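Next come the chains, spelled out residue by residue.
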Amino acid sequence: MAYKIKSLLVVALVLGLSQQVSTAANTPHLQLTPADPRVTPNRLVFSTVNREVRPPALLRITNTGSSLLTLTALYLSNSLQANMLPGRRSDAQRAADFILVNPPRLPLNLTAGESVALAVQFRPQRRARLSNGPTHTTDGECYAALNILSNDPEQPTLTVHLAGLNSANYQGKNEVSVAEITRAFGWSIKIGTERHILGGDKTWLGEEVYSPYWVQANPEQPVYLWPLAVYLGPRTIPFGTTKFQAKAGSDSRTLYRFAGTDNDDNTLGSNDRSGGENQKLLPKIYVDGSNRLPQPADVAYTPTGPFQLVSEEVYSGEISAGDERLHSWRFYPVRDDQGSLIPDHWYAIEDAGLAADLTTEAKNYDYNDTVYLLVNARPEDSTRDPNLPGPVPGSAMLDLDFGRSYPGTLTDRHGEPLGFTSTQRNRKDTFATLNSYDPNQLDLNPATGLLTVTSRSGENNRGPNNALVNGLQMAFDGQSGPFIVSATLLGPLNNFKQAPQQAGLFFGPDPDNFVQLAVQAQSNGSLSLEFYQERQARSTRMGSVAIPNPADVQMLDLMLFGDPQTGTLQAAYRRTDGDTGIVVLPARISLSATEQGRFFAPQSKAGLMVHSKDELPFTATFKHFRIAP
């Protein structure tokens, strides 16, 4: 009997599914195809210079259903883009900067399989000008939305994001910055500066990932190198030879070039004034004598091992002039407008020219000369890939009791492995040197289960002045679920004598963006437990608890609570003398949408810090450090 009931249930489910499929198949379905769907799905990206009116972009609307699709309305509105800079929300209210060119009369009926092309043009109304404000260009970014209403039952209103960049003028400092380019593509990549000139020093900038060589992420798919922007001096002949080159052996493949004025389309953005296919976003490529929008086969490469990127003989591996060269390529993980990583996608930016005596194009390190989207790639050194998840809270490697050594991790002055895997970067760190780590100031004693950290100078809450040494940290999977970062600070605490001597916990992606719970000496001689947030290098005190009788403190348990589901952070403590129990501070930090993806990431970062501004030694001792569910 049970078998019979089960059979009837299966028959009923199959009949119901068949009816759903039949019903769904007999409906209209609206499908959009922008000009470059593989780079900008559901998005149209425009660029111009000094308000030039360039050719429109085409958006194809297709009925992929089986019954009549009726378009009832097409209208422009303000953008809902979430990755705007604070204070620049007006840039998202630029519907007047876009027009529909000869739009179809509505209502418009499309039979099954029929399509219509919709032309959208960028006509900026504001004059862009250079600025010393929050962006490189004032009034150069323009965002809006195109809304399409139809009888598609699944998506009766479909929104296409519109983004336009208007450079102040041609060439040099007038060009848009690479930070502004990222927002045009709908990403919230942290470049580290809004300036036009980034500088060529081999130091990390923003969330840059230093990887001279790359490997294929998914072996079943090729690697793609899509051109996003070209901002160079005028050219007459094809230029910007773009290719992959193997790290070992002679395997090298040239993909494409960009058309100079001798091979251009004779339209604005591809003519004598721009210097060919130049001074624009989403440039066409010059392949086999034709200037065309790139297709997947044009930008694909299947490597046999590690490879580097090459543009006009400028190598990401920097082999042309040795490892001491100034920095010509920078790579950033791509994040959506909510701050979440788009796996195996990289923003690859390059500064043209080898050296002043080798090229007519003097290097200025603006990195917008040729800009690419690298897809299906990972750093050759997998430890540098923020897409690979760290250990889950509760893993043994996240439980440091300091009663033993932890092979393969940072070491103390005796060569004893500590368990921490990295240090929070400071402003003196370079790709070759690690000034934020000094083993001579660390002492792990497995016999007593204690870690002593000595600070001689340097703090981590002063933005560009950050000089913290030994901000010990480890990466973990912070998006897997709620977690607790905890540590026990050993008393007595009467050695905290002078402000701003501090010791405690931190959690966050970088020195300018983190939360911290720390014991801190105050200028009036008192001692307190401080909970504060560092956001864009600006500190906000979230809560403070006085610590009376610091000489009586035996141990102080410190806790930070993180919840990726709600995007919130809280702090708590427990004082063991007299056992106060766990005391949760009332303040709750709610991270913004773009912050959540960075804090609660595949490789979130948390750790211990001890710092003081003066040169006198200041020491704090910890009993344990844990990241638990």
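Residues numbered from 1 in each chain as written. Predicted model: local features only at pLDDT ≥ 70, side-chain atom pairs only at ≥ 80, totals over all residues. Heavy atoms only, no water.

Visitor: How do you make sense of the pattern of salt bridges when you look at a structure like this?
Guide: Pairing is possible between side chains of opposite charge, provided their charged atoms come close. Taken as a whole and assessed by the stated rule, the structure comprises 28 salt bridges. Between aspartate 510 and lysine 190 there is a salt bridge, with its nearest N and O atoms 2.9 Å apart. Linking aspartate 510 in strand S34 (residues 502-510) with lysine 190 in the loop between helix H2 (178-184) and strand S12 (214-216), this pair joins segments that are 320 residues apart in sequence. Using a relative accessible area of 18% as the deciding quantity, one classes lysine 190 as buried. Between glutamate 380 and lysine 247 there is a salt bridge, with its nearest N and O atoms 2.9 Å apart. Within this pair, whereas glutamate 380 is found in the loop between strand S27 (377-379) and strand S28 (399-400), its partner lysine 247 is found in the loop between strand S14 (239-246) and strand S15 (252-258), the two being separated by 133 residues in sequence. Salt bridges linked by common partners bring Arg88, Asp91, Arg126, Arg129 and Asp139 together as one network. (Salt bridge = Lys/Arg side-chain N within 4 Å of Asp/Glu carboxyl O. Helix = DSSP H or I, 4+ residues; strand = E, 2+ residues; numbered from the N terminus. Buried < 20%, exposed > 50% of the residue type's maximum accessible area, 1.4 Å probe, protein only.)

Visitor: Please clarify how the pairing of S34 should be interpreted in this entry.
Guide: Regular strands have side chains that alternate between both faces of the sheet. Taken across its nine residues, S34 has eight buried, putting it largely inside the fold. In this structure, S34 lies alongside strand S35 (residues 513-521), joined through seven bridges in antiparallel fashion. By the bridge assignment, glycine 504 is partnered in S35 with alanine 518. Hairpin geometry of S34 and S35 is characterised by an intervening segment of two residues between the two adjacent antiparallel strands. Sheet topology note: the S34/strand S42 (residues 604-611) ladder contains six bridges and is antiparallel. Residue pairing for S42: phenylalanine 506 is matched across the bridge by glycine 607. (Pairing = 2+ DSSP bridges.)

Visitor: Quick question: what am I supposed to make of the confidence of the model for the protein here?
Guide: Fine structural detail should not be taken from predicted coordinates in areas where pLDDT scores are low. Overall, the prediction assigns the protein a mean pLDDT of 89, with 92% of residues at 70 or greater. Across residues 356-360 the pLDDT falls below 50, and counting only partners more than four positions away or on other chains, this stretch makes two contacts in the model. (pLDDT = per-residue confidence, 0-100. Contact = heavy atoms within 4.5 Å.)

Visitor: Explain the sheet that holds strand S29 (residues 422-423) to me, please; I cannot follow it from the model alone.
Guide: Strands in a sheet are paired, the pairing made by backbone hydrogen bonds, and the direction either parallel or antiparallel. Taken together, the seven strands give an open sheet; going across it, the order is S29-S32-S42-S34-S35-S36-S37, and neighbouring strands pair in antiparallel fashion. In the strand order of this sheet, the two ends are held by S29 and strand S37 (538-546), each with one partner. Note: strand S32 (residues 472-476) against S42, five bridges, orientation antiparallel. Paired with methionine 474 across the two strands is alanine 606, which belongs to S42.

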